[in-house]
Amino acid sequence: MAAAAQAAAGAAEAHLERTIFDTHHSLGLPGNVVRPDGSGPVADGIVNRA
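So, here is what we can say about the structure in this document. (Residues numbered from 1 in each chain as written. Predicted model: local features only at pLDDT ≥ 70, side-chain atom pairs only at ≥ 80, totals over all residues. Heavy atoms only, no water.)

## Some points on the overall build of the chain
A tally of helices and strands in the chain yields 2 helices and 2 strands. Listing each helix as α and each strand as β along the chain from the N terminus yields α-β-β-α. Looking at the chain residue by residue over its 50 residues, the buried ones come to 4%. By element, 61% of the accessible surface of the chain is carried by carbon and sulfur atoms, the whole surface being about 4,200 Å². (Helix = DSSP H or I, 4+ residues; strand = E, 2+ residues; numbered from the N terminus. Buried < 20%, exposed > 50% of the residue type's maximum accessible area, 1.4 Å probe, protein only. Areas by Shrake-Rupley, 256 points an atom, 1.4 Å probe, with all protein chains shown as cover.)

Here's what the structure looks like:
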């Protein structure tokens, strides 16, 4: 039972991080990073709303 409680505690501490990419209308993925999670606003309003 202790292992299950420890696993649940680890899941609660999981950290998600998002990164916004721009392909500049191309098919090349993943594209350029235009805003990593936690950074301030950028000049492109669409990127800020993503």
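## Description of unusual backbone geometry
Residues Leu29 and Pro30 are joined by a peptide bond in cis, for which omega reads 10°. Here Pro30 lies in the loop between β1 (19–22) and β2 (32–36). Here the phi dihedral of His24 falls at roughly 55°; this positive angle occurs in a residue that is not glycine. Its place among the elements puts His24 in the loop between β1 and β2. Look at His24 and you get partly exposed, because its relative accessible area is 48%. Positive phi, normally seen in glycine, also occurs at His25, with a value near 60°.

## Points about the pattern of salt bridges
Tallying each qualifying case throughout the model produces 1 salt bridge. Arg18 is the salt-bridge partner of Asp37, the closest N and O atoms lying 3.1 Å from each other. With Asp37 in the loop between β2 and α2 (45–49) and Arg18 in the loop between α1 (2–12) and β1, this pair connects stretches of sequence that are 19 residues apart. A residue is classified by how much of its surface remains accessible, and Arg18, at 58% relative accessible area, is exposed. (Salt bridge = Lys/Arg side-chain N within 4 Å of Asp/Glu carboxyl O.)

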